[in-house]
Amino acid sequence: MIFEANEKFKYPLPRTLSDFIYNHLKDLIINNKLKANQRLNEIELAKYFNVSRTPIREAILKLEAKGFVTIDSRRHVKVKEASEEELREILQVLGALDRLVMELAVEALTPRQIAKLEKLAEKMLKKSRIETIEKYFELNEEFHNEITKTVPNKFLQEMVQHVNEKLQRYTYARIHAFKKPGALKESLMEHQDIIEALKKKDKKKLVELIYNHRVAPLSVPSYSEGLREYFATNEKETNAAKE
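Residues numbered from 1 in each chain as written. Predicted model: local features only at pLDDT ≥ 70, side-chain atom pairs only at ≥ 80, totals over all residues. Heavy atoms only, no water.

### Observations concerning the nonpolar core
(1) Moving on: Residues Phe 143, Ile 147, Ile 194, Leu 198, Leu 227 and Phe 231 are the most contacted members of the largest nonpolar core, which totals 47 residues.
(2) Moving on: Within the residue set of this core, elements represented by two or more residues are helix 4 (84-108), helix 5 (111-126), helix 6 (133-148), helix 7 (154-167), helix 8 (171-178), helix 9 (183-200), helix 10 (203-215) and helix 11 (221-242).
(3) Moving on: Tallying contributions element by element places helix 4 first for this core, with nine residues.
(4) Moving on: Look past the residues within four positions of Ile 194 in its chain and what remains in contact with it is Met 102, Phe 143, Ile 147, Leu 206, Leu 209, Ile 210 and His 213.
(5) Moving on: One finds Ile 30, Tyr 48, Ala 59 and Ile 60 within the second-largest nonpolar core, a separate group that totals 22 residues. (Core = buried A, V, L, I, M, F, W, Y, C linked by side-chain atoms within 4.5 Å. Buried < 20%, exposed > 50% of the residue type's maximum accessible area, 1.4 Å probe, protein only. Helix = DSSP H or I, 4+ residues; strand = E, 2+ residues; numbered from the N terminus. Contact = heavy atoms within 4.5 Å.)

Below is the structure:
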């Protein structure tokens with residue numbers, strides 16, 4: 001069992017226990033250490049984290065709200081299955097939201113902020129290798145967050161954040177897809193195109209670029225092949241767990 005009593009956990013302040021536990025379990029799910037349909041037992045988790053069951057319950061409820069686990073009528077908790085269909089739906093919504101982000105950000109971004117995006121793109125280029133792909137994903141997220149936070153619309157920012165949290169469930173799937181030849185190169189080119197369009201304040205071009213950047217990878221052969229491989233493997237593991 002992955003969860004055994006652990007007396008070494010240290011909980012950094014000012015996080016609450018439930019926040020710490022939530023983030024720890026979330027990372028295990030994102031990184032595929034906890035598999036789809038794997039049961040999470042409150043008692044085992046309480047022993048593992050060396051805490052009472054209250055913060056465990058709070059963390060589980062948050063995981064359910066964010067789409068990482070399911071809780072059935074008998075209060076059994078399982079890691080939620082990932083599906084290509086849900087990923088496609090999430091990216092479609094994110095693409096639509098990012099269109100509006102670009103429409104507003106193009107007027108709000110300053111030359112200094114665009115220069116920061118260029119530096120992030122340079123860092124992404126240096127990390128665009130299989131062995132550093134996780135760092136590439138972190139920089140990619142930072143790149144898009146830098147644009148979103150310039151938008152003078154807090155509700156839109158919250159909506160984008162909410163959808164991005166849903167997308168986190170598919171980090172491992174997307175990393176697997178980006179390991180395919182050509183996928184990282186395509187992503188880098190798209191980021192450069194976005195920066196150039198921001199410099200020119202080309203709103204029409206930006207709206208097209210960002211939607212394609214979010215949604216089109218699903219139809220890029222190398223990327224979509226990687227996703228199919230991931231979901232096929234995931235389905236086999238899920239079926240094996242059910243037997």
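This is not the end of the story, as more comes after the structure.
### A closer look at helix 5
(1) Moving on: Relative to the 22 Å expected for 16 residues at 1.5 Å per residue, helix 5 spans 23 Å between its end C-alpha atoms, a close match to the ideal helical length.
(2) Moving on: Restricting attention to buried positions, one finds in helix 5 the residues Ile 114, Leu 117, Leu 120, Ala 121 and Met 124. When helix 5 is viewed along its axis, its buried side chains cluster within an angular range of 110° and face the same direction. Away from its buried face by more than 90 degrees, helix 5 exposes Pro 111, Arg 112, Lys 119 and Lys 126.
(3) Moving on: Buried-residue contacts for helix 5 involve helix 6 and helix 9. (Expected span 1.5 Å × (residues − 1). Arc of directions from axis to C-beta.)

### Looking at the packing of helix 2 (residues 42-49) against helix 3 (residues 53-65)
(1) Moving on: Viewed as axis vectors pointing N to C, helix 2 and helix 3 meet at an angle of 115°, and their least axial separation amounts to 9 Å. Viewed along their axes, helix 2 and helix 3 adopt a mutual orientation that is roughly perpendicular. Note that helix 2 runs across helix 3; the crossing there is right-handed. On helix 3, the residues that touch Glu 42, Ile 43, Leu 45, Ala 46 and Phe 49 of helix 2 are Arg 53, Ile 56, Arg 57 and Ile 60.
(2) Moving on: The residue inventory of the contact of helix 2 with helix 3, partitioned by class, reads six nonpolar, no polar and three charged. (Axes fitted to C-alpha atoms, helices over the stretch in contact; angles between N-to-C directions. Parallel < 35°, antiparallel > 145°, perpendicular 65-115°, else oblique. Left-handed = near helix turned anticlockwise from the far one by under 90°. Nonpolar A, V, L, I, M, F, W, Y, C, P; charged D, E, K, R; others polar.)

### Thoughts on helix 6
(1) Moving on: Taking 1.5 Å of rise per residue, the 16 residues of helix 6 would be expected to cover 22 Å, and the 23 Å separating its terminal C-alpha atoms lies within 8% of that figure.
(2) Moving on: Three or more residues of helix 6 are buried, namely Ile 133, Tyr 136, Phe 137, Leu 139, Asn 140, Phe 143, His 144, Glu 146, Ile 147 and Thr 148.
(3) Moving on: Elements in contact with the buried residues of helix 6: helix 4, helix 5, helix 7, helix 8, helix 9 and helix 10.

### A short note on the pattern of salt bridges
(1) Moving on: Evaluation of the coordinates by the stated rule reveals 15 salt bridges.
(2) Moving on: Glu 118 is the partner of Lys 199 in a salt bridge, and the nearest nitrogen-oxygen pair spans 2.5 Å. Of this pair, Lys 199 sits in helix 9 while Glu 118 is found in helix 5, placing the two residues 81 residues apart along the sequence.
(3) Moving on: Between Lys 180 and Glu 229 there is a salt bridge whose closest N-O contact spans 2.8 Å. (Salt bridge = Lys/Arg side-chain N within 4 Å of Asp/Glu carboxyl O.)

### Remarks on the layout of surface pockets
(1) Moving on: Put simply, the largest pocket is a space of about 690 Å³.
(2) Moving on: Contributing to the lining of the largest pocket are 25 residues, with Glu 141, Asn 145, Asn 164, Gln 168 and Thr 171 lying nearest its centre.
(3) Moving on: Only helix 1 (17-30), helix 6, helix 7 and helix 8 provide two or more residues apiece to the lining of the largest pocket.
(4) Moving on: Among the residues forming the lining of the largest pocket, the class breakdown is six nonpolar, ten polar and nine charged.
(5) Moving on: Looking at the second largest pocket, it is lined by 13 residues, and the ones nearest its centre are Glu 42, Ile 60, Arg 75, His 76 and Val 77.
(6) Moving on: If you list the elements that add at least two residues to the lining of the second largest pocket, you get strand 1 (39-40), helix 2 and helix 3.
(7) Moving on: It is helix 3 that contributes the most residues to the lining of the second largest pocket, four residues altogether.
(8) Moving on: Here the lining of the second largest pocket is composed, by residue class, of six nonpolar, two polar and five charged. (1 Å grid on protein atoms, 1.4 Å probe; cavity = no way out; pocket = protein on both sides within 12 Å on 5 of 7 lines; lining within 4 Å. Points joined across faces, edges and corners; volume = space filled by probe spheres on them.)

### Points about the side chain of Thr 171
(1) Moving on: Tracing the backbone shows Thr 171 in helix 8.
(2) Moving on: Discounting chain neighbours no more than four positions away, the residues touching Thr 171 are Ile 30 and Phe 137.

### Quick look at the environment of Glu 208
(1) Moving on: Its place among the elements puts Glu 208 in helix 10.
(2) Moving on: For the pair Glu 208 and Val 151, spaced 57 residues apart in the sequence, the C-alpha separation amounts to 18 Å.

### Brief notes about the sheet that holds strand 2 (residues 69-71)
(1) Moving on: Taking strand neighbours across the sheet as the criterion, the three strands line up as 1-3-2 in an open arrangement whose pairing is antiparallel. A strand with exactly one partner marks an edge of an open sheet, and here the two such strands are strand 1 and strand 2.
(2) Moving on: Sheet topology places strand 1 next to strand 3 (residues 77-79); two bridges connect them, and they run antiparallel. By the bridge assignment for strand 3, Leu 40 is matched with Val 77.
(3) Moving on: Helix 3 rests against strand 2 and strand 3 of the sheet, and its axis sits at about 110° to strand 2. (Pairing = 2+ DSSP bridges.)

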